[in-house]
Amino acid sequence: MAMRLQLTDGCELLEEWAGSASQAERNVVYEALFAVGDGSAFLIYDIFGDRRDPSIFIVAVKPNLVLKVMLRREDSSFAIRYLGPPDDRGDAAGTTAPAHEEPSSSEGA
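Below is a short write-up of the structure. (Residues numbered from 1 in each chain as written. Predicted model: local features only at pLDDT ≥ 70, side-chain atom pairs only at ≥ 80, totals over all residues. Heavy atoms only, no water.)

### A look at the overall build of the protein
From N to C terminus, the protein includes three helices and five strands. When its helices and strands are written in sequence order, the protein yields β-α-α-α-β-β-β-β. Across the 109 residues that make up the protein, the buried fraction comes to 46%. For the protein, the computed accessible surface area is about 6200 Å², with 53% contributed by carbon and sulfur atoms. (Helix = DSSP H or I, 4+ residues; strand = E, 2+ residues; numbered from the N terminus. Buried < 20%, exposed > 50% of the residue type's maximum accessible area, 1.4 Å probe, protein only. Areas by Shrake-Rupley, 256 points an atom, 1.4 Å probe, with all protein chains shown as cover.)

### Focus on the pattern of salt bridges
Where charged atoms from two side chains of opposite charge approach closely, those side chains can pair. Counted by the stated rule, this structure contains three salt bridges. Residues Asp9 and Arg81 are paired through a salt bridge, measuring 3.1 Å at the closest nitrogen-oxygen approach. Taken together, the residues Asp9 in strand E1 (residues 6-9) and Arg81 in strand E5 (residues 77-84) connect sequence positions 72 residues apart. For the salt bridge of Lys68 with Asp50, the shortest nitrogen-to-oxygen distance reads 3.3 Å. Placement of the pair is Lys68 in strand E4 (residues 65-72) and Asp50 in strand E2 (residues 46-50), with a sequence separation of 18 residues. Its relative accessible area of 8% is what places Asp50 among the buried residues. Here the residues in one salt-bridge network are Asp50, Arg52 and Lys68, joined through shared partners. (Salt bridge = Lys/Arg side-chain N within 4 Å of Asp/Glu carboxyl O.)

Scope: geometric values only; no functional claims are made or implied.
Quick look at the structure:
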C-alpha cells in the first residue's frame, strides 16, 4: 500500500531555487515532488539514501539535478532539504552540504 505524504517544510528553498530555474526544470521538480507525495517516486526515479541521516532520501530528478527530502513517517509528511546540482566532487547522490541545504534535524519543524 502506498503512503501519501504531505509537504510540510522547505517551500522557501523551492521558491528560492525556482527563481533562477527554467520552466522545464521547475516542471520536472514539481513532478518529482508530486511523486514523493503520492508514494510513486521509488517507482519512477533513482533514489539514494543519505549516509549521514537515514530519514533523508536523494531523488535523482535529472543527471544534473537532485532533490533531497526528509521523510517523517510519524506524521506522514516530508520536507525539502536540498534542491540543485549534485555535489561537484562526483558524488552522484549529492550527499555533502550544498548551497541550498537545510539542516536535517526535525526540531522546530
